[in-house]
Amino acid sequence: NQKFVYISTGGALTLVQQETLVKLMQQYPSAQLILAQDADEAGEKMAQRLAIHAPRQPVRDIPPEGKDWNDYLQSRVAQQAKQSQKAVEAEVEAE
């Protein structure tokens, strides 16, 4: 039974967040740290700062498109909505 721990830095890394990350990594030493900061230079720098606190090499997870995961997910939802709308329009035309 795998457990997950999610934390957010909110775009900055405070001392409290650093301490929390260290405590979590100590509490869950076998946990894999996955870093999902923005897909830009600032996000990469943040990921490097966070990686310092990991007991082993973290995974850097960046979205396949967009600046961050929120942009990517919103884009995907919009694409799906367009596809659904087209399917409904095609069905109405077929009637």
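S.K.: Looking at this structure, how should I read the overall build of the protein?
M.R.: Across its full length, the protein holds three helices and two strands. Its helices and strands taken in sequence order, the protein reads α-β-α-β-α from the N to the C terminus. A compact globule built from 95 residues would reach a C-alpha radius of gyration of about 12 Å, whereas the protein, at 19 Å, exceeds it by more than 25%. With the principal axes as the frame, the protein shows a C-alpha extent of 60 × 35 × 20 Å. Taken across its 95 residues, the protein has 19% of its residues classed as buried. Contacts in the protein between residues at least 24 apart in sequence constitute 52% of all its contacts with a sequence separation of at least 6. Summed over its atoms, the accessible surface of the protein is roughly 7,400 Å², and 53% of this surface lies on carbon and sulfur atoms. Across the protein, the centroid of the 10 positively charged side chains sits 11 Å from that of the 13 negatively charged ones.

S.K.: Help me understand the nonpolar core, please; the structure alone is not making it clear to me.
M.R.: The nonpolar side chains of a soluble globular protein tend to be buried with one another. If you look at the biggest cluster of nonpolar residues, it comprises nine residues: Leu-13, Leu-21, Met-25, Leu-33, Leu-35, Met-46, Ala-47, Leu-50 and Ala-54. Residue assignment for this core shows that the elements contributing at least two residues are helix H1 (15-27) and helix H2 (41-51). Of the residues forming this core, the biggest block, three residues, is contributed by H2. Discounting chain neighbours no more than four positions away, the residues touching Leu-21 are Ile-7, Leu-33, Leu-50 and His-53.

S.K.: What is the right way to look at the pattern of salt bridges in this model?
M.R.: Pairing is possible between side chains of opposite charge, provided their charged atoms come close. For the structure shown, the criterion picks out four salt bridges. Among the ionic pairs, Glu-41 bridges to Lys-45, the shortest N-O distance being 3.3 Å. Of this pair, Glu-41 and Lys-45 both sit in helix H2, four residues apart, roughly one helical turn. On the basis of relative accessible area, Glu-41 is assigned to the exposed category, the value being 58%. The structure contains a network of salt bridges with shared partners spanning Asp-38, Asp-40 and Lys-67.

S.K.: Sorry if this is basic, but what is going on with H2 here?
M.R.: Given 3.6 residues per turn, any residue in an α-helix points the same way as the ones three and four places further on. If you check which residues of H2 are buried, you get Gly-43, Met-46, Ala-47 and Leu-50. Down the axis, H2 shows its buried residues gathered within 100 degrees of arc, on one side only. N-capping of H2 is provided by Asp-40, with a side-chain oxygen placed 3.3 Å from the backbone N of Ala-42.

Calculation notes
Residues numbered from 1 in each chain as written. Predicted model: local features only at pLDDT ≥ 70, side-chain atom pairs only at ≥ 80, totals over all residues. Heavy atoms only, no water. Helix = DSSP H or I, 4+ residues; strand = E, 2+ residues; numbered from the N terminus. Rg over C-alpha atoms; globule rule 2.2 N^0.38 Å. Buried < 20%, exposed > 50% of the residue type's maximum accessible area, 1.4 Å probe, protein only. Contact = heavy atoms within 4.5 Å. Areas by Shrake-Rupley, 256 points an atom, 1.4 Å probe, with all protein chains shown as cover. Lys, Arg positive; Asp, Glu negative; His and termini not counted. Charge placed at Lys NZ, Arg CZ, Asp CG, Glu CD. Core = buried A, V, L, I, M, F, W, Y, C linked by side-chain atoms within 4.5 Å. Salt bridge = Lys/Arg side-chain N within 4 Å of Asp/Glu carboxyl O. Arc of directions from axis to C-beta. Polar contact = N/O pair within 3.5 Å; in protein donor to acceptor, adjacent residues only side chain to side chain.

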